[in-house]
Amino acid sequence: MRRGLSPLRERHETGRFSTGLVVLVDSFGEIAVGAALGVVLGLLDPLREGSLVLVLVLGLLAALREVTVGAAFGVVLGLLDPLSEVALVLALFVLHASSVLSPWPPHEPEGLVASLETEVLVIGGGSTGAGVVRDAAMRGLKTVLVERKDLAEGTTGRFHGLLHSGGRYAVKDPEAAKECIEENLILRRTAADCIEDTGGLFVSTPWDDPAFGDTFVEGCRATGVPVEEISVAEALQREPRLHPGISRAFTVPDASIDAWKLVWGCARSAQEHGAEILIYHRVVRLERSDGRVSGALVRDELTGGELRIHADVVVNAAGAWAGQIAELAGCRVNVLPGKGIMIAMNHRLVNTVINRCKVPADGDILVPIRTVSVIGTTDTRVADPDDLEITEAEVQEMLDEGEKLVPGFREARALRAWAGARPLFAPEEVADTRDVSRSHALIDHRERDGVEGLVTITGGKTTTFRLMAEVAVDAACEQLGVDRPCRTAEEPLPGSEGGEFYTLGSRVRAREPVPRLQEIICECELITRERLEGAMEWRHTPNLDDIRRTLRLGMGPCQGGFCIYRATGILHSVERLDHLAANESLLSFLQERWKGVHPILYGDQMRQARLDDWIFQGLLGVQRLPT
Ligand SMILES: Cc1cc2nc3c(=O)[nH]c(=O)nc-3n(C[C@H](O)[C@H](O)[C@H](O)COP(=O)(O)OP(=O)(O)OC[C@H]3O[C@@H](n4cnc5c(N)ncnc54)[C@H](O)[C@@H]3O)c2cc1C
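Asks: I would appreciate a short explanation of the overall build of the protein chain in the present structure.
Replies: In terms of helices and strands, the protein chain carries 20 helices and 23 strands. Counted over contacts in the protein chain with a minimum sequence separation of 6, partners at least 24 positions apart contribute 74%. A total accessible area of about 26500 Å² is found for the protein chain, and carbon and sulfur atoms account for 56% of it.

Quick look at the structure:
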């Protein structure tokens with residue numbers, strides 16, 4: 001099956017690299033086979049003219065150009081009669097060499113061995129890696145980022161969506177609280193287009209000790225988090241669905257943040273500064289020479305090709321996988337994956353981020369994001385960040401906790417559930433992952449392990465990604481022996497230059513004149529055909545889930561039930577996929593959505609799932625589609 005490439009990957013394949021791609025094609029075998037063929041043709045005297053014509057015809061077949069070169073060479077040898085024996089010996093030698101060096105028939109570009117030179121190699125395309133690649137590129141360093149899947153497909157695309165004020169950590173984790181509020185204020189200036197300024201409330205429900213409110217205020221004051229107590233009446237006026245039994249309420253500058261916009265904004269900015277971003281490229285080995293890390297071997301997950309990247313410094317920004325990457329260099333980094341689950345509810349049950357005013361625990365935050373609200377989260381240590389099962393008990397716990405914040409929560413429609421793995425850095429063993437600081441960790445492996453050329457940045461929050469990138473690039477600069485200041489605290493991301501936050505209505509407002517004139521493909525998220533086609537051309541991918549992350553396609557109440565077969569048809573024509581590839585794309589999207597829906601199958605969403613099932617299984621018979 002042909003796999004399309006994103007524009008980022010296309011830049012790689014066409015070799016328009018500022019970092020200087022050197023492609024070494026193993027074509028010797030094809031030349032050798034051609035030479036042998038040519039010798040035979042040349043030796044057959046009566047066919048001299050015929051063989052020359054044949055060589056010319058072969059020359060027109062670009063796919064066989066190596067064979068053609070060899071054949072031309074062989075014909076010339078064969079035509080020189082006095083040298084026929086020499087030519088024959090040469091042909092035999094060449095044939096032997098070809099059988100040793102190259103398979104026949106010639107292999108597909110899968111065997112392509114490519115290499116790339118750069119100053120900084122960033123591993124991981126979540127918020128941290130995206131921040132690092134942008135920061136390094138803005139400091140004028142040649143930089144390449146590799147991500148094994150799509151950008152923000154790791155924890156960053158599976159988080160709770162909260163731009164922390166620091167209030168949550170003010171009592172238990174003051175260092176993290178200070179980092180959060182400082183970065184919150186910076187991101188409001190530099191990444192406004194990714195933020196909805198919802199504000200935040202900490203409320204004492206009937207299940208919480210009202211006296212904790214005083215400890216909370218003290219913690220906020222000590223860490224610089226702006227806090228103000230408001231009356232219960234005012235809180236209920238602002239958020240009428242809140243539990244009427246709340247006894248205290250405090251305002252803080254929490255907000256909601258769109259991680260996909262943030263990460264793609266960083267990536268676009270990094271590219272504008274000359275960086276290369278290679279998605280679907282997995283690091284399989286770190287290269288080491290003379291006790292230092294000198295780059296990585298990466299595998300293209302779509303073609304199977306390999307790419308060797310030589311780098312002066314490697315920044316390991318692989319989040320919950322950072323321990324696995326460090327291990328490839330023989331270094332130990334104790335990152336504990338802390339699983340958290342979240343459930344998106346159909347409406348904005350609240351318009352402000354609501355936190356329980358107590359020591360952080362499970363299911364105590366409700367975040368309004370776009371048209372939905374998300375309850376979360378849990379914190380369970382897991383062995384493998386790629387294996388995050390959602391249990392029935394966890395779902396029930398979230399719904400119960402939701403009831404304590406908004407009575408009637410259970411009657412609202414749950415759209416989907418998902419889980420992410422926190423990258424929790426623990427210098428020593430801990431019993432409970434909630435006890436691990438949410439502050440970030442920078443490990444300079446030259447200082448700690450005597451391994452030059454490798455820096456690990458992990459822990460932290462999406463809220464503090466910019467700061468994490470700054471300290472990581474500072475450390476990389478130190479290893480490179482250069483001193484260049486960071487500019488990301490001042491220079492806004494592309495799209496945020498105007499300093500305007502997005503609002504709930506902004507997408508409708510931007511599209512309001514359109515509906516009468518244009519076909520709407522995804523009604524829930526108001527995605528027009530024009531926008532969908534534009535995104536498909538831009539991402540140049542056969543994967544509908546990549547398009548989902550770009551446009552929010554299929555993320556509304558029907559979870560793709562009405563839009564995804566239409567989108568598949570459009571993808572089929574835009575990407576010129578064959579029917580097998582288009583079918584596979586549809587099925588893998590449905591499978592991915594199903595993973596999120598099946599843990600919350602009750603009430604209206606159960607009815608929706610039944611309807612979707614009738615459409616896809618009953619009407620379209622997707623289970624019988626050839627792939
Ligand atoms: C349930 C939950 C809720 C959260 N809520 C919030 C919140 O509301 N606000 C907030 O600020 N923070 C929140 N966080 C924390 C925040 O999401 C994370 O700290 C942050 O997303 C980590 O970003 P990262 O870039 O370090 O890791 P990731 O986003 O996981 O990125 C690491 C990337 O490395 C890639 N990778 C791994 N191995 C390889 C390899 N071999 N080769 C190439 N690439 C590789 C992965 O595919 C991944 O994309 C939450 C976390 C969880 C789990």
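Asks: Whenever I open this one, the pattern of salt bridges confuses me. Can you help?
Replies: When the charged atoms of two side chains with opposite charge come close together, those side chains can pair. Enumeration over the complete set of coordinates arrives at 40 salt bridges. Residue Arg-299 pairs with Glu-301 through a salt bridge whose shortest N-O separation is 3.1 Å. Ionic contacts of the salt-bridge type, sharing partners, join the residues Asp-150, Glu-153, Arg-539, Asp-545, Asp-546, Arg-548 and Arg-549 into one network.

Asks: Please explain the environment of Gly-363 as it appears in this structure.
Replies: In this structure, Gly-363 sits in the loop between strand 15 (353–356) and strand 16 (365–369). Along the backbone, Gly-363 and Met-398 are 35 residues apart, and their C-alpha atoms lie at a distance of 5.2 Å. Apart from residues lying up to four places away in sequence, Gly-363 is in contact with Ile-375, Gly-376, Thr-377, Met-398 and Glu-401.

Asks: Mind showing me how you'd approach the confidence of the model for the protein chain here?
Replies: The predicted coordinates should not be examined in detail at positions where pLDDT is low. On average, residues of the protein chain score 87 in pLDDT, and 81% of them are at 70 or above. For the stretch residues 1–27, pLDDT sits under 50, and the model shows 72 contacts to residues farther than four places along the chain or on other chains. In this model, residues 98–110 is a region of pLDDT below 50 whose contacts with residues beyond four sequence positions or in other chains number 14 contacts.

Asks: Is there a simple way to think about the site of the ligand in this case?
Replies: Among the 36 residues in the neighbourhood of the ligand, the closest are listed as Thr-128, Glu-147, Thr-156, Leu-162 and Thr-463. At 2.8 Å, a side-chain N or O of Arg-148 approaches an oxygen atom of the ligand. Between an oxygen atom of the ligand and a side-chain N or O atom of Thr-463, the distance comes to 2.8 Å. Protein coverage of the free-state accessible area of the ligand, which is 1000 Å², stands at 97%. Contributing elements (two or more residues each) for the shell around the ligand: helix 6 (127–138), strand 11 (281–289), strand 14 (335–345) and strand 19 (414–425).

Asks: Just to check I follow, could you spell out the sheet that holds strand 4 (residues 162–163) for this structure?
Replies: In a beta sheet, neighbouring strands are held together by backbone hydrogen bonds and run either parallel or antiparallel to one another. The sheet built from three strands is open, its strands ordered 4-9-5 with antiparallel pairing. The open sheet is flanked by strand 4 and strand 5 (195–196), the only strands paired with a single partner. In the sheet, strand 4 pairs with strand 9 (residues 255–257) via two bridges, with the strands oriented antiparallel. Note that in strand 9 the partner of Leu-162 across the bridge is Ser-256.

Asks: Is there a simple way to think about the packing of aromatic side chains in this case?
Replies: Ring pairs (aromatic) are described by centroid distance and by the angle formed between their planes. Inspection of every chain in the model, using the stated rule, returns four aromatic pairs. Following the ring pairs from residue to residue traces out a cluster consisting of Phe-202, Phe-216 and Phe-250. In this structure, Arg-148 packs its charged tip against the face of Trp-321, placed 4.5 Å from the ring centre. The positively charged end of Arg-539 is found above the aromatic ring belonging to Trp-538, 6.0 Å away from the centroid.

Asks: Help me understand the environment of Gly-408 in this model?
Replies: Here Gly-408 is to be found in the loop between helix 12 (392–405) and strand 19. Taking C-alpha positions, Gly-408 is 8.9 Å from Arg-241, a pair spaced 167 residues apart along the chain.

Asks: What should I look at first to understand the pairing of strand 11 in this one?
Replies: For a regular strand, side-chain orientation follows a simple rule: the groups alternate between the two sheet faces. Here strand 11 runs beside strand 12 (residues 292–300); their pairing, made up of eight bridges, is antiparallel. Bridged to Arg-285 within strand 12 is Leu-297. Linking two consecutive strands that pair antiparallel, namely strand 11 and strand 12, is a turn of two residues; a positive phi of about 50° is found at Asp-290 within it.

Asks: Any chance you could explain the side chain of Arg-188 here in plain terms?
Replies: Inspection of the secondary structure puts Arg-188 in helix 7 (residues 174–190). Of the residues examined, Arg-188 reaches a relative accessible area of 15% and is grouped as buried. Polar side-chain contacts of Arg-188 include one of 2.6 Å to the side chain of Asn-184. Setting aside its immediate chain neighbours within four residues, Arg-188 contacts Ile-195, Asp-197, Pro-253, Asp-254, Ala-255 and Phe-501.

Asks: Help me out: how do you make sense of helix 20 (residues 603–619) in this one?
Replies: Its 17 residues place the ends of helix 20 23 Å apart at the C-alpha level, agreeing with the 24 Å of an ideal helix rising 1.5 Å per residue. Within helix 20, the full set of buried residues consists of Gln-605, Gln-608, Ala-609, Asp-612, Ile-615 and Phe-616. The inward-facing, buried residues of helix 20 contact strand 19, helix 18 (564–574) and helix 19 (579–597).

Asks: Can you help me understand helix 16 (residues 529–539) in this one?
Replies: Residues lying three or four places apart along an α-helix face the same way, a consequence of the helix completing one turn every 3.6 residues. Every buried residue of helix 16 is listed here: Leu-532, Ala-535, Met-536 and Arg-539. Taken end-on, helix 16 shows its buried residues confined to a sector of 100°, consistent with a single buried face. Turned more than 90 degrees from where helix 16 packs its buried face, Glu-530 and Glu-537 sit exposed. Downstream of helix 16 by a residue or two, His-540 has a phi angle that is positive, lying close to 50°.

Asks: Quick question: what am I supposed to make of unusual backbone geometry here?
Replies: In this chain, Gly-376 is followed by Thr-377 through a cis amide linkage whose omega measures -5°. Take Thr-377: it is sitting in the loop between strand 17 (372–376) and strand 18 (380–381). Positive phi, normally seen in glycine, also occurs at Arg-370, with a value near 50°. Structurally, Arg-370 is set in the loop between strand 16 and strand 17.

Asks: Is there a simple way to explain the packing of helix 17 (residues 544–551) against helix 19 in this structure?
Replies: For any two helices packed against each other, one specifies the crossing angle of their axes together with the interaxial distance. Taken N-terminus to C-terminus, the directions of helix 17 and helix 19 make an angle of 60°; their axes are 8 Å apart at the nearest point. Classified by the angle between their axes, helix 17 and helix 19 sit oblique to one another. On helix 19, the residues touching Leu-544, Asp-545 and Arg-548 of helix 17 are Ser-585, Leu-586, Phe-589, Glu-592 and Arg-593. Residues of the contact of helix 17 with helix 19, tallied by class, amount to three nonpolar, one polar and four charged.

Asks: When you look at the packing of helix 6 against helix 10 (residues 259–272) in this model, what are you seeing that I'm missing?
Replies: At a minimum axis distance of 8 Å, the contact between helix 6 and helix 10 shows a crossing angle of 25°. Here helix 10 runs roughly parallel to helix 6, going by the angle between their axes. Between helix 6 and helix 10 lies a crossing of left-handed hand. In this structure, helix 6 contributes Ser-127, Ala-130, Gly-131, Val-133, Arg-134, Ala-137 and Met-138 to the contact, and helix 10 contributes Val-263, Cys-266, Ser-269 and Ala-270. For the contact of helix 6 with helix 10, the class distribution of residues is seven nonpolar, three polar and one charged.

Criteria and cut-off values
- Residues numbered from 1 in each chain as written.
- Predicted model: local features only at pLDDT ≥ 70, side-chain atom pairs only at ≥ 80, totals over all residues.
- Heavy atoms only, no water.
- Helix = DSSP H or I, 4+ residues; strand = E, 2+ residues; numbered from the N terminus.
- Contact = heavy atoms within 4.5 Å.
- Areas by Shrake-Rupley, 256 points an atom, 1.4 Å probe, with all protein chains shown as cover.
- Salt bridge = Lys/Arg side-chain N within 4 Å of Asp/Glu carboxyl O.
- pLDDT = per-residue confidence, 0-100.
- Near = heavy atom within 4 Å.
- Polar contact = N/O pair within 3.5 Å; in protein donor to acceptor, adjacent residues only side chain to side chain.
- Pairing = 2+ DSSP bridges.
- Phe/Tyr/Trp six-rings, centres within 6.5 Å; stacked < 30°, edge-to-face > 60°.
- Lys NZ or Arg CZ within 6 Å of the ring centre and 35° of its normal.
- Buried < 20%, exposed > 50% of the residue type's maximum accessible area, 1.4 Å probe, protein only.
- Expected span 1.5 Å × (residues − 1).
- Arc of directions from axis to C-beta.
- Axes fitted to C-alpha atoms, helices over the stretch in contact; angles between N-to-C directions.
- Parallel < 35°, antiparallel > 145°, perpendicular 65-115°, else oblique.
- Nonpolar A, V, L, I, M, F, W, Y, C, P; charged D, E, K, R; others polar.
- Left-handed = near helix turned anticlockwise from the far one by under 90°.

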